[in-house]
Amino acid sequence: MEGIAWRGIMGKFATGVTVITTLDEAGRPIGMTANAFTSLSLEPPLLLICLDKGSSTLVSLLAARKFAVNFLADTQEEVSRRFARKSETDKFDEVDYREGELGLPILGGCLASVECSLANTLDGGDHLILVGQGEYLYEPETQSSPLLFYQGKYRALQALEI
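Model, not experiment: these values are computed from the prediction.

1. Quick word on the layout of surface pockets
As a volume, the largest pocket reaches approximately 1,400 Å³. Residue lining of the largest pocket: 35 residues in total, with Arg 7, Asn 35, Ala 36, His 127 and Phe 149 positioned closest to the centre. Looking at the lining of the largest pocket, the elements that each hand over two or more residues are helix H1 (3–10), strand E3 (29–34), strand E5 (46–52), helix H2 (56–64), helix H3 (77–84) and strand E11 (147–150). A breakdown of the residues in the lining of the largest pocket according to their chemical character gives 14 nonpolar, 14 polar and seven charged. Empty space within the second largest pocket amounts to approximately 230 Å³. Taken together, 13 residues form the lining of the second largest pocket, with Pro 45, Leu 46, Leu 47, Val 114 and Leu 137 sitting closest to its centre. The class makeup of the residues in the lining of the second largest pocket is nine nonpolar, three polar and one charged.

Here's what the structure looks like:
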């Protein structure tokens, strides 16, 4: 099966967009855009993310053994694009964030954020599956809609009239 055909079919599944943040070996914030995320378990509270094995963010995340998942709002397409760049330099410039309870970067303007400790890793082909145990939850008082990714493009929810 061709990789391009696989990608086309997988792109027919709409996903939310997240930014995964952690700290590098010097304690500087780093992060990357990811849509390979899902809730895994309520008891204990577990989630999983999948990162490319060649990712520089993955190397730092494994060393730090903790990460945050920031669920992007539909107003944060530029944030997603910024963190999707390969270079780690200046991704946090002009981005609203604060330090969470685990010392991780928590992005402002998100629908919600979760700080996790790394609970497990599993092989996933060219990706590594990381299981995170939820430690701290962050939800702003104001709510908005999620940023979605579908068929290679950013999308927003459309209100349905009933």
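2. Observations regarding the side chain of Thr 18
Turning to its location among the elements, Thr 18 is positioned in strand E2 (residues 18–23). Given a relative accessible area of 4%, Thr 18 falls into the buried group. A distance of 2.6 Å separates a polar atom in the side chain of Thr 18 from the backbone oxygen of Ala 34. For Thr 18, the residues in contact, after removing those within four places along its chain, are Met 32, Thr 33, Ala 34, Phe 37, Val 69, Asn 70, Phe 71 and Leu 72.

3. Observations regarding unusual backbone geometry
Working note: non-glycine residues mostly have negative phi, and peptide bonds are mostly trans. Looking along the chain, the bond that leaves Glu 43 and enters Pro 44 is cis, with omega of -5 degrees. With respect to the helices and strands, Pro 44 occurs in the loop between strand E4 (37–41) and E5. Its identity is not glycine, yet Arg 65 carries a phi of approximately 60 degrees, on the positive side. Within the secondary structure, Arg 65 sits in the loop between H2 and strand E6 (66–71). Here Arg 65 falls in the partly exposed class, since its relative accessible area comes to 47%. Of note in this structure, Glu 94 is not a glycine but carries a positive phi near 65 degrees. Secondary-structure assignment places Glu 94 in the loop between H3 and strand E7 (97–99).

Thresholds applied
Residues numbered from 1 in each chain as written. Predicted model: local features only at pLDDT ≥ 70, side-chain atom pairs only at ≥ 80, totals over all residues. Heavy atoms only, no water. 1 Å grid on protein atoms, 1.4 Å probe; cavity = no way out; pocket = protein on both sides within 12 Å on 5 of 7 lines; lining within 4 Å. Points joined across faces, edges and corners; volume = space filled by probe spheres on them. Helix = DSSP H or I, 4+ residues; strand = E, 2+ residues; numbered from the N terminus. Nonpolar A, V, L, I, M, F, W, Y, C, P; charged D, E, K, R; others polar. Buried < 20%, exposed > 50% of the residue type's maximum accessible area, 1.4 Å probe, protein only. Polar contact = N/O pair within 3.5 Å; in protein donor to acceptor, adjacent residues only side chain to side chain. Contact = heavy atoms within 4.5 Å.

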